[in-house]
Amino acid sequence: MIHMIKGQNPYFVLHTLHTTYAFRAMETGHLEHLYYGRKITLPRQEAGEALVEKHVFPPGNTNVYEKEHNTFSLEDVCLEMSSYGKGDIREPMVEIVHGDGSRTSDFLFEQAELSQGKEEYETLPGSYDETGQVEHLCVTLIDRQYDLELELHYYVYEDCDVIARSAKLCNRSSQKVQLLRCLSMQLDFDTPEYVFTTFGGAWAREMKRADTRMLAGKHVNASYTGTSSNRANPFVMLSREGAGEDFGDCYGFHLIYSGNHYEAVEVSGYGKTRISAGINPSSFCFLLEPGACFEAPEAVMTYSWEGFNGMSQHMHQFIREHIVRGTWKHKTRPVLLNSWEAAYFDINERKLLHLAKAGKEAGIELFVMDDGWFGNREDDTQSLGDWEANPKKLPGGISGISRKIKELGLDFGIWVEPEMVNVKSRLYEKHPDWTLQIPGKPHAEGRNQRILDLTKPEVQDYIIETMTKVFSAGEISYVKWDMNRTFTDYFSKGREPARQGETAHRYVMGLYRCLKILTERFPHILFEGCASGGNRFDLGMLCYFPQIWASDNTDALCRAEIQTGYSYGYPMSVLGAHVSSCPNHQTLRHTPLETRFQTACFGILGYECNFCDMKKEELEGVKTQIALYQEWREVLQKGNFYRGRTFAGTSGGGSCLMQTPENITEWTCVSKDQEKAVGFFMQKLAVPNMQYGSFKAKGLKPDKEYHFYNRALKYNVKEFGDLVNTVSPVHIRQDSMAHSLIARFVKLEGEREDCYGYGDTLMYGGVKLKQAFGGTGYNEEVRHFPDFASRIYFME
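Sequence order as written defines the numbering, with residues in each chain counted from 1. Per-residue local features of the predicted model are confined to residues with pLDDT of at least 70, and side-chain atom pairs are confined, for both listing and counting, to 80 or more; whole-chain, interface and lining totals are unaffected and use all residues. Calculated side-chain values reflect all of the structure's heavy atoms, with hydrogen atoms and water omitted.

Draft legend 1. How the structure looks around the overall build of the protein chain. Note on conventions: DSSP H or I runs of at least 4 residues are helices, E runs of at least 2 residues are strands, and numbering of each starts at the N terminus. Counting its secondary structure elements, the protein chain contains 14 helices and 41 strands. When we talk radius of gyration, it's over C-alpha atoms, and the globule rule is simply 2.2 Å times the number of residues to the 0.38. The C-alpha atoms of the protein chain give 28 Å as radius of gyration, which agrees with the globular expectation for 796 residues (28 Å, within 12%). Expressed along its principal axes, the backbone C-alpha trace of the protein chain runs to roughly 100 × 65 × 45 Å. Sequence separation of at least 24 residues holds for 71% of the intrachain contacts in the protein chain that already meet a minimum separation of 6. Here the accessible surface of atoms and residues is derived via Shrake-Rupley with a 1.4 Å probe, and residues count as covered only by protein chains that are part of the display. As displayed, the protein chain has an accessible area near 30,200 Å², and 50% of this comes from carbon and sulfur atoms. Positive residues here are Lys and Arg, negative ones are Asp and Glu, while His and the chain termini are left out of the count. Charge placement uses NZ in Lys and CZ in Arg. For Asp and Glu, CG and CD serve respectively. Side-chain charges in the protein chain split into 87 positive and 106 negative, and the spacing between the mean points of these groups amounts to 4 Å. Every residue pair with non-hydrogen atoms within 4.5 Å of one another is taken to be in contact.

This is the structure:
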């Protein structure tokens, strides 16, 4: 609900179900931020005056705005937006070079308008509301010296406790202006000592949590890769010191944008904390002609006093209901088998059908043909851009292979990378001017490929029409849209020099046009985004693709950390997660097949291993896993996700630290009605002579009784090595033929957990688990729990 208290200095109060956001127009016309936090009562202007900062004299060595208002400096005021030149020297929201060369801007309150519903942006994706009940506040500010108009937009998603913000700058003057910066949001707090949490990393190491205590200075989280990047995800948090998963003040911020972004937290000399977010101003310069407007991407913010889990619940609900859209918004996602790690580029119809048949027998529902199917694509040096099936590999083309896959009883999916081109391709030979590179200058290249110039309408049209032919060529139910390199030259051939600073942003707008048209043409297709894994995992892409491949790293231990990192800002229903073979192709680590499955099943489950080469015992295990996942899929894909203890984000190696957070990860996923839940419990390294273990659930109904149980497993006797000789009447040499023969027929029973308890007991007291193996004996009452072991527990 939005409440506008009119008067000479109007107040604006935005209420969600549990939060309040308030600001006012000062006597000067600037917007003073008053409050964002737990819901409070502000029925009239007098009630809001308690939140107004009192000034009589300005601080020393500062500048006052004007003689008529000389009791304060804008440097020491919490502001709703800021710019340079009038006293505020902190991080600006808007930075402009005017026609006369000046960089001073002064945007003052002009009017405010309330409305209902949310309209689409002209060039960018944004949140949406199917009910038409979202409330909208538009505050218009005017720079009267330069005839510029700035609109600040606020959208209140009351039930999600989320407020979305954006900005629009219009040039009402008769001169061109250079826009060097137009961020999406700014939020000022009147005290320091917040913790700024970012999620960085690299390829195969996405979403590593980092906490920075902000006492002074500035900390920046930004991308310059041309994408939202794996180096710095655009989701960030700001929390009070001491906040934890379930307690303490926590703010979450998202940007609905897939290009270079920028989030900065700055603590001023007067102890005020400012967070701002938007398009990265580095190398950005947008030339605004008279009458032209610039739309900044939408930012999203939420607050919870119930810690990180409370904040995450708000974001998860918002993304599920107001970002993800289309046919697959609430539709159950299939279990897929992807050909990549099974075959890489070495594919043909016979191999693919053999693999798909094995997948069908294991319970797979969707088969995906990954890279290698088009042109002369024998490796990554050639044929990107030539999107026609290789007749030697696929004699019947896409139509033939998709029909045969469908005849097996599977849906068919395909991999594409439309934004890229190899120099060694027919497309590049025909259109060398279609790439982002500086003519006549050496080009720094990544993965042997170049980036098509999506700022050009003709390139956008080529991608749209080429992909339309591909997606129409057969019975395609799924598309994996990849993007495997970062930007180097931000240069578009044919664009005037003064507008080269627009290239990065115009690329993103061109991409969004392609995605919008294609997803609307093929609403039945399940699109999954990918960019070398998580190099473009953001809300902008989720407006078109209902799920994104989280990381090329499928190692279960790494994935537990990566998926925990994503969970702070994203629901697990948008996160692709696969089971792969061991040793893992990214780390060479061996982890148990059950751990690989249990980690992946909390995302959108898939498999990426060669079923044709698997042992019969492993295939039977996979078949059982898929059946179990299908039984609990509604809970895992559509339930509410909570974190417990977690080793993600810690710097330790997870060693002999018993059950410290550095060694244990706990998740709970609870059905919407709280009738069912699935728990996950994993350790990094086994601790010698440490038998104790406990699991604490989250999100259950405190006054409901639950049945808590696990899935009974059997273990290969070979996992115990030559300890078999402690019970064998004859000596058995480890890994001998006799050892292998015994292993075929003798399986060791695993522990069973089976108890009843009320929700409050399972959450606050936890379940004391069967003892772990500690080197003093083993039977069916002992938990087999070596390095990287995990369990899933069921509650209903």
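Next comes the rest of the write-up.
Draft legend 2. Spotlight on the sheet that holds strand β27 (residues 476-481). Paired strands, in this sense, are two strands between which DSSP finds at least two bridges. The eight strands are arranged β22-β23-β24-β27-β28-β29-β30-β31 in a closed barrel whose pairing can be described as parallel. The average angle at which neighbouring strand axes cross in this sheet is 30°, direction not considered. Here helix α4 (residues 349-362) sits on the sheet and contacts β22 (336-338) and β23 (366-369); the angle it forms with β23, its principal contact strand, is near 155°. Fitted lines through C-alpha atoms serve as axes, helices being fitted only where they are in contact, and the angles separating the N-to-C directions of these axes extend from 0 to 180 degrees.

Draft legend 3. Examining the environment of Ala-222 more closely. In this structure, Ala-222 sits in strand β14 (residues 217-222). Exposure is judged per residue with a 1.4 Å probe applied to protein chains only, and the accessible area is read against the type maximum: over 50% gives exposed, under 20% gives buried, and values in between give partly exposed. Looking at Ala-222, the relative accessible area reads 30%, which means it is partly exposed. When the C-alpha atoms of Ala-222 and Gln-547 are compared, they prove to be 23 Å apart, with 325 residues separating the residues in sequence. The residues contacting Ala-222, other than those within four sequence positions of it, are Ala-232, His-261, Tyr-262 and Asn-280.

Draft legend 4. Representation of the packing of aromatic side chains within the structure. In summary, the pairing rule links any two rings of Phe, Tyr or Trp, Trp by its six-membered ring, whose centres are within 6.5 Å, and it sorts them by plane angle into stacked for under 30 degrees, edge-to-face for over 60 and tilted for everything else. Evaluation of the coordinates by the stated rule reveals 52 aromatic pairs. Ring centres of Phe-199 and Tyr-568 lie 5.5 Å apart, and the angle between their planes is 35°; on these two criteria the pair is classed as tilted. Placement of the pair is Phe-199 in strand β12 (residues 194-200) and Tyr-568 in the loop between α10 (556-567) and β30 (575-580), with a sequence separation of 369 residues. The same class applies to Phe-199 as to Tyr-568, namely buried. Relative to Phe-773, the ring of Phe-720 lies with its centre 6.3 Å away and its plane at 90°, an arrangement referred to as edge-to-face. Linking Phe-720 in the loop between β37 (714-716) and α13 (737-745) with Phe-773 in the loop between β40 (767-768) and β41 (790-795), this pair joins segments that are 53 residues apart in sequence. The exposure class assigned to Phe-720 is buried, which follows from its relative accessible area of 14%. On the accessibility criterion, Phe-773 (32% relative accessible area) is partly exposed. Whether a charge sits over a ring comes down to the Lys NZ or Arg CZ being within 6 Å of the ring centre and within 35 degrees of the ring normal. It is Lys-331 that lies over the ring of Trp-328; its NZ or CZ is 4.3 Å from the centre. Residue placement shows Arg-783 over the ring face of Phe-785; its charged tip is 4.7 Å from the ring centre.

Draft legend 5. Seen up close, the state of the cysteines. Put simply, a disulfide is two cysteine sulfurs that come within 2.5 Å. For the structure shown, the criterion picks out one disulfide. Each sulfur of the disulfide joining Cys-170 and Cys-293 lies 2.1 Å from the other. Classification of the bridge connecting Cys-170 and Cys-293 rests on its S-S torsion, roughly 110°, and on that basis the disulfide is right-handed. Of the two residues, Cys-170 is situated in strand β9 (residues 162-171) and Cys-293 in strand β20 (residues 293-295); the sequence distance between them amounts to 123 residues. Not part of a disulfide, Cys-514 finds its nearest cysteine sulfur in Cys-543, a span of 16 Å.

Draft legend 6. Broad picture of the packing of helix α7 (residues 457-472) against helix α8 (residues 503-521). Remark: α7 packs on α8, axes separated minimally by 10 Å, with the N-to-C direction vectors making an angle of 25°. Our classification of the angle between α7 and α8 gives roughly parallel. Taken as a pair, α7 and α8 cross one another with a handedness that is right-handed. In this structure, α7 uses Pro-457, Gln-460, Asp-461, Ile-463, Ile-464, Glu-465, Met-467, Thr-468 and Phe-471 to contact α8, whose residues at the interface are Gly-510, Arg-513, Cys-514, Ile-517, Leu-518 and Arg-521. In this classification, Asp, Glu, Lys and Arg are treated as charged, Ala, Val, Leu, Ile, Met, Phe, Trp, Tyr, Cys and Pro as nonpolar, and every other residue, Gly included, as polar. Residue classes in the contact of α7 with α8 are distributed as eight nonpolar, three polar and four charged. Just so you know how the angles are binned, under 35 degrees is roughly parallel, over 145 roughly antiparallel, 65 to 115 roughly perpendicular, and the rest oblique. The sense of a crossing depends on the near helix, which, turned anticlockwise from the far helix by less than a right angle, makes the crossing left-handed and, turned clockwise, makes it right-handed.

Draft legend 7. Spatial organisation of unusual backbone geometry. Between Cys-582 and the following residue, Pro-583, the backbone shows a cis peptide bond with an omega angle of 5°. Phi at Met-207 takes a positive value of approximately 60°, unusual for a residue other than glycine. By the element assignment, Met-207 lies in the loop between β12 and β13 (208-214). If you check the backbone angles, Ser-532 has positive phi at about 50° while not being a glycine. Its place among the elements puts Ser-532 in the loop between β28 (526-529) and α9 (539-542).

Draft legend 8. Quick peek at α8. To estimate the expected span of a helix, subtract one from its residue number and multiply by 1.5 Å. With 19 residues, α8 ought to run about 27 Å at 1.5 Å a step, and its terminal C-alpha atoms sit 27 Å apart, in line with that. Among the residues of α8, Thr-503, His-505, Tyr-507, Val-508, Met-509, Gly-510, Leu-511, Tyr-512, Cys-514, Leu-515, Leu-518 and Thr-519 are the ones counted as buried.

Draft legend 9. Molecular detail of the nonpolar core. Core analysis: the largest hydrophobic core is formed by 185 residues, its most contacted members being Trp-373, Tyr-607 and Phe-611. Sequence-distant contacts of Trp-373, defined by excluding residues within four places in its chain, comprise Ile-347, Trp-387, Glu-388, Ala-389, Asn-390, Leu-394, Ile-398, Ile-414, Trp-415, Val-416 and Val-470. Listed in part, the 19 residues of the second largest apolar core include Tyr-706, Leu-762, Leu-769 and Met-795. We call a set of buried Ala, Val, Leu, Ile, Met, Phe, Trp, Tyr and Cys residues a nonpolar core when their side-chain atoms join them within 4.5 Å.

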